[in-house]
Amino acid sequence: MGNRELKFIHFSLPVATPPDVSNTANDDTGLLLGKRKRGRPLGTKNKKKDGEKAVSDSENNGGPSSGSPDDSDTGTVPKKRKKSRKNKNKSSDVSWKPGDSMKVPGNAINQTAQQITKNAHPQPADTLNPESMHPTPHPITPVNVQSPLHRARHLVDEESMSSFENRVDISTLCEEGENNMNVINDIEDVNLLDTLIAEGLGEEPDGDPEENGLGVVGEDPPHADSKRHKHQPQFPSWLSQAFEKAVAELTADRKSLAGSSRHYTAGNFWLPCKDPWFVLRKQDLMPTDLFIPQFYVWDPLDALHGSGISCPNCSRTLTRDGIVNRPRRVVDIDQCFFLIGYNYACRKASGGCESKFRSWHPRILQNLPRPLAAEFPAHLTWRSGISLRAFGIVRSSFQNGMGPNQVADMFRVQHLRHYDELRLRYLHTKISRIQVGGQTYEPFRPFDDRSDSGFHGYTPSGQWLRDVYDNIMESHQETLNQHTAMLSARICAIDHSHKIAKQVFKVDGVPIFTALLTMTNEKGEIKGCFFVPSKSQSQYVDALQKISEELTLYGHPQPQAFYTDNISDKGMLERVFPSLLDDVVAVEKYSHLPEFSLPDTLHPSILSSTSHINNVVRGILDDIPLTGQITIGFDSEWNVDTSGGRIIGHGPPEIVQIAYKDQVYILRVGTVLAEQGSLPHELLNLLQDGRVVKAGRQVTGDLRRLAIASHQEPSSFQGGLDLAAYAKQQLLIDDAQLSLADLTASILGQCLPKNRIQQITFDWSSSELTPNQIQYAARDAWVSLSLWHKISQAPAPSLLTETSAKSIGLPVIILTEDHKKTAAKGVVSQAASHHSVDGINITPTRTVITVNEVLVPGTVMSQHQKRSLQEMGIPPFDVVTHRTHVRVIGLPPNTPSLPSTMFTSSRPTSPRASTSSELESETPMLPPPCDEEDPEMSDMIDVPLGDMISNIGNSDETVGQIIGDRDIESAELGSETLGPNQPASFTTIIRTRVIKDAFHVFNMIYISRSHGLRVPFAQALRDALLVPHPEDKRQIEAYLGTKNLKWDDMMRYNPSWLWRHCRRTIPPPEIIYPLVHDVFMTWGPLKDAKTHKPLFDGKAWKKAKEILELIRCGFVSDPPGVSLFYILGLDKHANGLPIYRCVRGTNFVEGGVHTHLRNMLPSRNTSVRHMIICLLDFILRHNLLVGTYNSTGKKYCGHDYIWLLNEIQELEIALSTVYATPPTQLSWVNGNLYQKTKQAMGIMPITESVRVRSGMRDFVESTDRKQKQVYLAKMQGTCRPILPVHTAAEKKYFNKAMRDLVEFQTSTTKIKPSAVKIWNQQAEREDDIYYKLEEHLTTYLNGKWQDNANSKESICQAIAVTEPLTKRLQNPARTREIINTSAMKPSTLQVTQGFDENPTQQQRSPVPEAGPSAVHDFADANHLATPVAQTAINLSVARATKAAPEPAVKPRKRERECPRCGQSICNGRQAWFRCQYACQDCNTVSVVQCVGRKSEARTKRRCTSASSIMADLTPAAREFINDISSTRRLDHLTT
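Here is a short report on the structure shown in this document. These figures come from a predicted structure and were not determined experimentally.

Cut-offs applied
Residues numbered from 1 in each chain as written. Predicted model: local features only at pLDDT ≥ 70, side-chain atom pairs only at ≥ 80, totals over all residues. Heavy atoms only, no water. Pairing = 2+ DSSP bridges. Helix = DSSP H or I, 4+ residues; strand = E, 2+ residues; numbered from the N terminus. Buried < 20%, exposed > 50% of the residue type's maximum accessible area, 1.4 Å probe, protein only. Axes fitted to C-alpha atoms, helices over the stretch in contact; angles between N-to-C directions. Parallel < 35°, antiparallel > 145°, perpendicular 65-115°, else oblique. Contact = heavy atoms within 4.5 Å. Nonpolar A, V, L, I, M, F, W, Y, C, P; charged D, E, K, R; others polar. Expected span 1.5 Å × (residues − 1). Core = buried A, V, L, I, M, F, W, Y, C linked by side-chain atoms within 4.5 Å. Salt bridge = Lys/Arg side-chain N within 4 Å of Asp/Glu carboxyl O. Patch = residues over 30% accessible without salt bridge, like charges linked within 9 Å, V, L, I, M, F, W, Y side chains within 5 Å. Areas by Shrake-Rupley, 256 points an atom, 1.4 Å probe, with all protein chains shown as cover. Phe/Tyr/Trp six-rings, centres within 6.5 Å; stacked < 30°, edge-to-face > 60°. Lys NZ or Arg CZ within 6 Å of the ring centre and 35° of its normal.

Notes on the sheet that holds strand 21 (residues 811-815)
Right, so step 1: Pairing is antiparallel across the open sheet formed by 6 strands, whose spatial order is 20-29-21-22-25-28. In this open sheet, the two strands that pair with only one neighbour each are strand 20 (798-799) and strand 28 (877-882).
Right, so step 2: Sheet analysis places strand 25 (residues 846-854) next to strand 28, joined by 6 bridges and oriented antiparallel. Bridge pairing in strand 28 places Thr850 opposite Asp878.

Quick look at the structure:
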């Protein structure tokens, strides 16, 4: 990075860059706005205090380019800055010095405006005088030290450009020794200046101390210049006192608590502070009492409990050297908090290097235990910081399309809201104490008041937040690129977006880049995303080549198909991805290998009769041992039904091939099945006997078909062994889907001929088999047996024990650390018995392997210095690895007993449409539908058919019902243009895997929206192109029948629902060519009923011809054998119908990426650096969301801090080797375990061939970093940035070159390479001229240059005619015609009536009535009439002093009482007859003698005996009265 980049601290990655101030845009990052170095004010010098020794950069940080987030973090002395020359406009009689705060008289700024624009343009020097200057919270820096951004803002603040130029010499704005850009060059367009200021760009003034920290408390740092801090604002007293109190407390704790803080002992990093409610109890409350700073104490030396921290330079133990003399402010979501840190020193007395560090220095954080370092709550910049949770908000905001200024405004609003909430509490408290004696009232000052009692509020600028975000995300850029590099690319789509390039990166209105190239994979994940300067393929072919190389590096298969909207990319894509030529040329896939053939002594036996078959099979069964098994090579063949080159069905099995020992038997079972309806009984016994292992490829399906054909249970035939699964279990291959030919090549190293035409055309039911058929059938069975023997020779892999780890020469394989792939093959090395290898100790858990073959070169060997296998060199070589990552394959033992999982019954599988067990994997599946989310047709004028075919439903009239009037002339033109229906030849053998997107094909034809036949024509074209899958259609129709609906109903009203549940295929050209030809010829000549114009005009017929040619060449049809659908899940609302996701076409790129990317990337006034970082973040989040959904059908619910999850998985993998617990499974591959990618998203470097051809020099950091747009030049790899023609100097030089240089003069429509070299040589000599490519100069030549030349020539020709009118229009006498010349003055909104003059609640305390002077002052301040001001004051007093509403209290429920005695403690509350007290009326105790009052009539006396009302009593009362009336009860009561 350049030496002026914003620095930050993050515990996970130290940053060593030279000091800089974070709130300025610099030359490295700014595109539209120029920047300059920042540090201390110009003119200051570096000094060190007496007795202090400054430590050099090299001693402390390893070199002059390193630094720390604070210029005193390491005790180093910052480099000296060059002084700027004096400002020519500076007045000699003004006593002002750089760094002083001053206020321009008359510049009134309200609180909100101060947050947006902190500086006002200085008035001319003669208007300033010492008396008018006084300290202000908004210091104004002199013109000569202002940043270009502030100069631009002030330029707009002036009444006109000319008035500014008259007062300030713009030439003086550029300082000597600084690479500043002037105002015009900084801004894309002068007209955009108003917009820049309105959005609040660069709201902090240049050199704002508040951006760099809050003044100084106590002693200056040793290296600080006293002049620098002499005029800096001090801490407000409320903060100074709180800080001093905290320091005193920490110091006292260290002396009294054995050197430990009481808060650390209690387990807190935060110092306790009071909440505002408890502060409000203070009697004489002041605003500063509510300014309660929150302090976070960071002393990791204390937290480690004496473990100590090593010096990063010399590894000696660091000791404390006091508390940092000022707190560090950190921006949080709605307020700021402060860090209290310690100085750490490496003492000379203990043999140290005398280095000094602050406790938050990145190198200190890096040396801490990760759990402790994670407690640090902030990312620190040079002088400030942002909390971790606030940065999370910033990142999420940028990810969702918010610009930096909007994010800054969000923080400003939250901070102001928090401040005003404190203010409101304060005012409520003061109102409540208005009658208490001894009270004083001091109003709250503005949020950003910088006086001693002010709040000193601060919110970051958008530019500062942008730089912080860029720096933090740049530290994880390697992780983001690695995550993208680890993705697969089975089916890819590639497309250019020119709209995004036009929206961003403009210089003088000219885009820097031509397009954004995006490549997606089969899951819609972004595999590559690059800005390209031109349309030339040479600009991005290197990037695609790196993708191809890294697919191999990480063990991914190469692409099977590539979709593009530009078929001219075919040749380039096939060169970059050779896999796209697979099956395209009519040669065997493994023709470079020796052909597999039968032994000369082997002569296949053809058996047709039942007896012959039984005899042979009986002999095989006799060889089965009592306690063992035998293995045979097994295969079967059957006939297939084809139509147009596609397989549409298959017949019963005709041939069964068995290879046993040294013989192959071809059993013609088709005849036996036809005659007897069953297989020979001995063959049935063999097929049903599980002791006979039937080895083959996809043998389970063969056994099932034989069982069904012989009327047996499908699962009755046992013993099938799939060779691909067997080989994968033995770790010989990684993919269990390999075909028989692939297995032969991989394991035997031979080519198994597989002629697809023979597979389809062989007639296996013929009375006699041809020699080719016999050879084909026998070879499949024999190769299966050969493969089984070869695979069986490799024993089952086992863990490497501690004993076998010393077995020299033992064959082993090395797994990747996640145990998903085989990384390498080799043997136990002789060095395994050594004590160390390459300085690595050989412990019992480690071993040394001699690698003979590398399978995944990118695998990182964590035990061997974290080096990748590729970095080890050419095999053989030794590598140290953990024993748990090694598997023993050993010497070939006896044939192993196969695992039960390999012996499968004939499970029901989908019937194969092939002639052999091998053909299934090569037979094309019925293809897919596309993502159909296109615009509605009602909004189209000239409708491209591709936009109509997707979701268009059937019209009310079918095609057959339309009777159209044919245009004879159009029909003849179509017939002549398209030619005959059947093409001369078809490319039936040579296919292509580079396919043009089908909807782009039909977008070539535009149909007028007003034509009445456009909808039925689109339906016919759709039906000819896309064929629904028959099984899916059958299931959908069955479901629709339950809803009283039909297929045609859904096609008409909701076609998109159909295509989510039904796959569609685009058949081969032999089928669709004649159909599409007929559609064009039928519909093209038909006339519109209203306009009487044919559907196709001449242009449409030509496009139709081009479309047919694309179809004929196979550029539209689906590639055979490539699945284009994923099943996302089952639709629970539609009886479990599958929901499909189609990967056909480029919709993943256009609709999935480019549409959303335009809304998520910043579109204006941004830097190249910020744009690239936002692009990387977008790619990561897009891949997580889209990749997870398209892989699992579920929404991704995790976060996007993948570096955390990667590290979590690594630690859990390490723990799993000890505790045998499974680690976390990620939805992506942990890239930390693999070799780091060299691919970077965003801006691609210019290729060496282009640089040489264009005469460009390479970028050299030491000499080329001090220039405009250095970040762009560095990314492009050229010493000068490559930009389009945009500056005045470039336009002037282009005119001169076209006039004087032969190389330019001879360029008519294209600039020659020799002319480009001359231009680039001039660019190296002149600052305002930049490098150009041929495309840049050619575009300017054919565009603006010719337009300007034509405009000048036209004006010259018309001058004689237009000159009289021009004189009349510019006549000065016309000023007398001006009316309404007065301009309105800005005024505040006033409402003078409609006051609420009826306050309803009573005042709590009377307030003295406002006096006349107070009313007058209020009226003047708010521009109100006196009566209105008086009314407003009275109402405010009434509303402020009205009593607070009493809380609604629910009335207490009446306590229940006994109706007889009236007491609430009596048992009679529940039942009167249980009363134990005297009657409240007659004072009788016994309830038998007096029943008392009734509960229903508590106010009526009823003193009567129970016996008199016995009939009226309840059963319970009667029972109780009778009980107590007995003698026993009476005696008990008496006692």
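There's more to say after this.
Some words on unusual backbone geometry
Right, so step 1: Pro876 follows Pro875 through a cis peptide bond whose omega is 0°.
Right, so step 2: Although it is not a glycine, Asp838 adopts a positive phi angle of roughly 55°.
Right, so step 3: Here Asp838 is to be found in the loop between strand 23 (836-837) and strand 24 (840-841).
Right, so step 4: The class for Asp838 is partly exposed, based on a relative accessible area of 48%.

Considering the packing of helix 16 (residues 404-432) against helix 17 (residues 462-474)
The description of two helices packed together rests on the angle between their axes and the distance between the axes.
Right, so step 1: Look at helix 16 against helix 17: their axes get within 8 Å of each other, and the N-to-C directions meet at 110°. As far as their axial angle goes, helix 17 and helix 16 are roughly perpendicular. Facing helix 16, whose interface residues are Pro404, Asn405, Val407, Ala408 and Phe411, helix 17 presents Gly462, Leu465 and Arg466.
Right, so step 2: Across the contact of helix 16 with helix 17, the residue classes tally to 5 nonpolar, 2 polar and 1 charged.

What about helix 33 (residues 1014-1025)?
Right, so step 1: For helix 33, built from 12 residues, the straight-helix expectation of 16 Å at 1.5 Å per residue is met to within 8% by its first-to-last C-alpha distance of 16 Å.
Right, so step 2: Burial runs high along helix 33: 11 of the 12 residues are buried.
Right, so step 3: If you check which residues of helix 33 are buried, you get Arg1014, Val1015, Pro1016, Phe1017, Ala1018, Gln1019, Ala1020, Leu1021, Arg1022, Ala1024 and Leu1025.

Digging into the nonpolar core
Right, so step 1: Counting 74 residues, the largest nonpolar core has Phe531, Leu544, Phe562 and Phe577 as its most contacted members.
Right, so step 2: Here this core takes 11 residues from helix 40 (residues 1168-1192), the largest share from any one element.
Right, so step 3: In this view, Phe531 contacts Ile500, Val504, Phe505, Phe513, Ala515, Leu516, Met1171, Ile1172, Leu1175, Gly1242, Ile1243 and Met1244; residues no more than four positions away in its chain are not counted.
Right, so step 4: The next biggest cluster of nonpolar side chains, apart from the first, holds 51 residues, and it includes Leu271, Leu285, Ile323 and Phe338.

A short note on the pattern of salt bridges
Right, so step 1: For the structure on display, the rule yields 38 salt bridges.
Right, so step 2: For Arg466, the salt bridge identified is with Asp467, shortest N-O distance 3.5 Å. Taken as a pair, Arg466 and Asp467 share a single burial class, namely buried.
Right, so step 3: In this structure, Arg1257 engages Glu1324 in a salt bridge whose closest nitrogen and oxygen atoms are separated by 3.6 Å. Taken together, the positions of Arg1257 in the loop between helix 42 (1248-1254) and helix 43 (1261-1264) and Glu1324 in the loop between helix 47 (1313-1323) and helix 48 (1334-1369) put the pair 67 residues apart, joining distant regions of the chain.
Right, so step 4: With relative accessibility at 41%, the residue Arg1257 sits in the partly exposed group.
Right, so step 5: Among the residues examined, Glu1324 registers a relative accessible area of 34% and is labelled partly exposed.
Right, so step 6: By sharing partners, the salt bridges in this structure join Arg254, Asp299, Asp302 and Arg320 into a single network.

Notes on a nonpolar patch on the surface
Right, so step 1: A contiguous nonpolar surface patch, about 350 Å² in accessible area, is contributed by Leu1215, Val1218 and Tyr1219.
Right, so step 2: Following the sequence through the fold, Leu1215 ends up in helix 41 (residues 1202-1219).
Right, so step 3: Judged by relative accessible area, which is 46%, Leu1215 ranks as partly exposed.

Quick look at the sheet that holds strand 32 (residues 994-996)
Right, so step 1: One open sheet holds the 6 strands; their spatial order is 32-13-8-11-12-38, and the pairing between them is mixed. Every other strand in the sheet has two partners, leaving strand 32 and strand 38 (1242-1243) as the edge strands with one partner each.
Right, so step 2: Here strand 8 (residues 491-497) pairs with strand 13 (residues 561-564) via 4 bridges, running parallel. For Ile491, the partnering residue across the bridge sits in strand 13 and is Ala561.
Right, so step 3: Its contacts with the sheet place helix 20 (residues 541-553) against strand 8, strand 11 (515-520) and strand 12 (526-532), and it is angled at close to 160° to strand 12.

Details of the pairing of strand 4 (residues 336-345)
Right, so step 1: Most of strand 4 sits inside the fold, with 9 of its 10 residues counted as buried.
Right, so step 2: Sheet analysis places strand 1 (residues 295-298) next to strand 4, joined by 4 bridges and oriented parallel. Looking at strand 4, one finds that Phe295 is bridged to Phe338.
Right, so step 3: Here strand 3 (residues 328-331) runs beside strand 4; their pairing, made up of 4 bridges, is antiparallel.

Points about the packing of aromatic side chains
Right, so step 1: All chains considered together, the criterion is met by 41 aromatic pairs.
Right, so step 2: Aromatic side chains Tyr554 and Tyr1234 sit 6.1 Å apart centroid to centroid with 90° between the ring planes, which places their arrangement in the edge-to-face category. Pair noted here: Tyr554 is in the loop between helix 20 and strand 13 and Tyr1234 is in the loop between helix 41 and strand 38, with a separation of 680 residues, a long-range link.
Right, so step 3: Here Tyr554 falls in the buried class, since its relative accessible area comes to 1%.
Right, so step 4: Ring geometry for Phe1294 against Trp1345: centres 5.8 Å apart, planes inclined by 70°, an arrangement best described as edge-to-face. Taken together, the residues Phe1294 in helix 45 (residues 1288-1300) and Trp1345 in helix 48 connect sequence positions 51 residues apart.
Right, so step 5: For Trp1345, a relative accessible area of 22% corresponds to the partly exposed category.
Right, so step 6: The rings of Trp238, Phe291, Tyr419, Tyr426, Tyr441, Phe444, Phe447 and Phe455 are connected pair by pair, giving a single aromatic cluster.
Right, so step 7: Directly above the aromatic system of Tyr1201 lies the positively charged group of Arg395, at a separation of 4.6 Å from the ring centroid.

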